[in-house]
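# Descriptive analysis of the structure
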Amino acid sequence: MSYTGKHVGFIGGGQLARMAIYRTKKLGLRFSALDPDPFCGVAGLVDRLIVGSLHDPAKLRELARGVDVMTYDIEHVGVDALIELEAEGFEIHPSPRLLAAVQDKLIQKNLFQE
């Protein structure tokens, strides 16, 4: 499978995103990120940096429109907006529904018990 030309969007530009981008850029992937800090960890590595809140539905949509797939660097993001984007057909991994469970410790505990 060729990854050349695929565009990955990271919600958050921290350490996890930085390590992933640094190690996979040689595969021909392109990267964008959304982060509130214009000097975040991936600022010098991504093809496009969107500066804004990780909870801003408009910024999340802006990121989604410019990439083939989105993922996140941090669990504290606007999960409701991501669920809506996924329902519209945008590819997001892991699923925002899983992220919603991770954000709610009671749901997480119940899922684990099941």
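Let us look at the structure shown here. (Residues numbered from 1 in each chain as written. Predicted model: local features only at pLDDT ≥ 70, side-chain atom pairs only at ≥ 80, totals over all residues. Heavy atoms only, no water.)

### A short note on the sheet that holds strand S1 (residues 7-11)
Taken together, four strands build an open sheet; the order of strands is S3-S2-S1-S4 and the sheet is parallel. Strands at the two margins of the open sheet, each flanked by one partner only, are strand S3 (48-51) and strand S4 (69-72). For this sheet, the mean inter-axis angle between neighbouring strands, taken without regard to orientation, is 20°. Direction of pairing for S1 relative to strand S2 (residues 30-35): parallel, over a ladder of five bridges. Residue Phe10 lies in a different strand from S2, and its bridge partner there is Ala33. Running at roughly 170° to S3, helix H2 (residues 57-65) makes contact with S1, S2, S3 and S4 of the sheet. (Pairing = 2+ DSSP bridges. Helix = DSSP H or I, 4+ residues; strand = E, 2+ residues; numbered from the N terminus. Axes fitted to C-alpha atoms, helices over the stretch in contact; angles between N-to-C directions. Contact = heavy atoms within 4.5 Å.)

### A word on unusual backbone geometry
The omega torsion of the bond from His93 to Pro94 falls at -15°, within 30 degrees of zero and hence cis. In this structure, Pro94 sits in the loop between helix H3 (79-87) and helix H4 (96-103).

### Things to note about the pattern of salt bridges
On inspection of all chains with the given rule, the structure shows four salt bridges. Linking Asp47 and Lys25 is a salt bridge whose minimum nitrogen-to-oxygen distance equals 3.7 Å. Of this pair, Asp47 sits in the loop between S2 and S3 while Lys25 sits in the loop between helix H1 (15-24) and S2, placing them 22 residues apart in sequence. Judged by its relative accessible area of 32%, Lys25 falls in the partly exposed class. Look at the salt bridges and you will find they share partners, linking Arg61, Glu84 and Glu88 into a network. (Salt bridge = Lys/Arg side-chain N within 4 Å of Asp/Glu carboxyl O. Buried < 20%, exposed > 50% of the residue type's maximum accessible area, 1.4 Å probe, protein only.)

### Here we look at the side chain of Asp35
Summarising the element assignment, Asp35 is placed in strand S2. Within the buried set, Asp35 has no salt-bridge partner at all; the shortest N-O distance to an opposite charge, 11 Å, is to Arg18. Polar contacts involving the side chain of Asp35 include one to the main-chain amide nitrogen of Asp37, which spans 2.9 Å. (Lys, Arg positive; Asp, Glu negative; His and termini not counted. Polar contact = N/O pair within 3.5 Å; in protein donor to acceptor, adjacent residues only side chain to side chain.)

### Describing the packing of H2 against H3
The interhelical angle for the contact between H2 and H3, taken along N-to-C directions, is 40°, at an axis separation of 9 Å. Looking at the two axes, H2 sits oblique to H3. The way H2 lies across H3 gives a crossing that is right-handed. Counted together, Pro57, Leu60, Arg61 and Ala64 of H2 and Ala81, Leu82, Glu84 and Leu85 of H3 form the full contact between these two elements. A breakdown of the residues in the contact of H2 with H3 according to their chemical character gives six nonpolar, no polar and two charged. (Parallel < 35°, antiparallel > 145°, perpendicular 65-115°, else oblique. Left-handed = near helix turned anticlockwise from the far one by under 90°. Nonpolar A, V, L, I, M, F, W, Y, C, P; charged D, E, K, R; others polar.)

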